[in-house]
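Topology and contacts: notes
Below, each chain spelled out in residue letters.
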Amino acid sequence: ATVTGNVSGGNLTTGGQVVATGNVTGGNLITGGLVSATGNVTGGNVTTAGQVVATGNVTGGNVTTAGQVTATGNVTGGNLITTGTFESASVTVTGNITGGNLITGGLVSATGNVTGGNLTTAGQATATGNITGGNLITGGLVSATGNVTGGNVTTSGDLTGGTATVTGNVSGGNLTTGGQVVATG
């Protein structure tokens, strides 16, 4: 049947297709199948108890969720701001990282200089190169398996060692030895 005007009826039931080149206006679209559109879908909200899947880009103003944002690829953005915890296998940053504290159960590795106010550790500070500083102050021991080279050795206690080699004068209050005192001059 071909109708050029309006068709008014209770229901339209078909085992085939309903084809319209114009707009379809209705209260609700209810289907147990798919809704497929090759063009844009424009609406107020998308509400689903399932998933929203897109193989292309998702462009929007904000992503707001009470759940999680999960990405197996890279997340690229201007800033990452959180009042909670940030957990990741690796973080690559070309700029500065500003934060309150850096807490790790692993290593902190830097190929450049580490600049800070103080270095406080309950463990060891190990350096394979030189340590340059103003003063070395310790309530414990200074232990060296090699030579100790310096301008002067000043102590209010004992100086104990296997051999002491001095090219200049030795000035002191007393010289006590259980061995010999040998002088060629």
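Quantities reported herein were computed from a predicted structural model and do not represent experimental measurements. (Residues numbered from 1 in each chain as written. Predicted model: local features only at pLDDT ≥ 70, side-chain atom pairs only at ≥ 80, totals over all residues. Heavy atoms only, no water.)

Details of the overall build of the chain
Across its full length, the chain carries zero helices and zero strands. By the compact-globule yardstick of 16 Å for 185 residues, the chain is too spread out, its C-alpha radius of gyration being 40 Å. Referenced to the eigenvectors of the C-alpha coordinate spread, the extents of the chain come out at roughly 135 × 25 × 25 Å. Of all 185 residues assigned to the chain, the portion counted as buried reaches 0%. (Helix = DSSP H or I, 4+ residues; strand = E, 2+ residues; numbered from the N terminus. Rg over C-alpha atoms; globule rule 2.2 N^0.38 Å. Buried < 20%, exposed > 50% of the residue type's maximum accessible area, 1.4 Å probe, protein only.)

Some words on a nonpolar patch on the surface
A surface patch of nonpolar side chains, amounting to about 530 Å² of accessible area, comprises L80, F86, V91, V93 and I97. What makes V93 partly exposed here is its relative accessible area of 41%. (Patch = residues over 30% accessible without salt bridge, like charges linked within 9 Å, V, L, I, M, F, W, Y side chains within 5 Å. Areas by Shrake-Rupley, 256 points an atom, 1.4 Å probe, with all protein chains shown as cover. Salt bridge = Lys/Arg side-chain N within 4 Å of Asp/Glu carboxyl O.)

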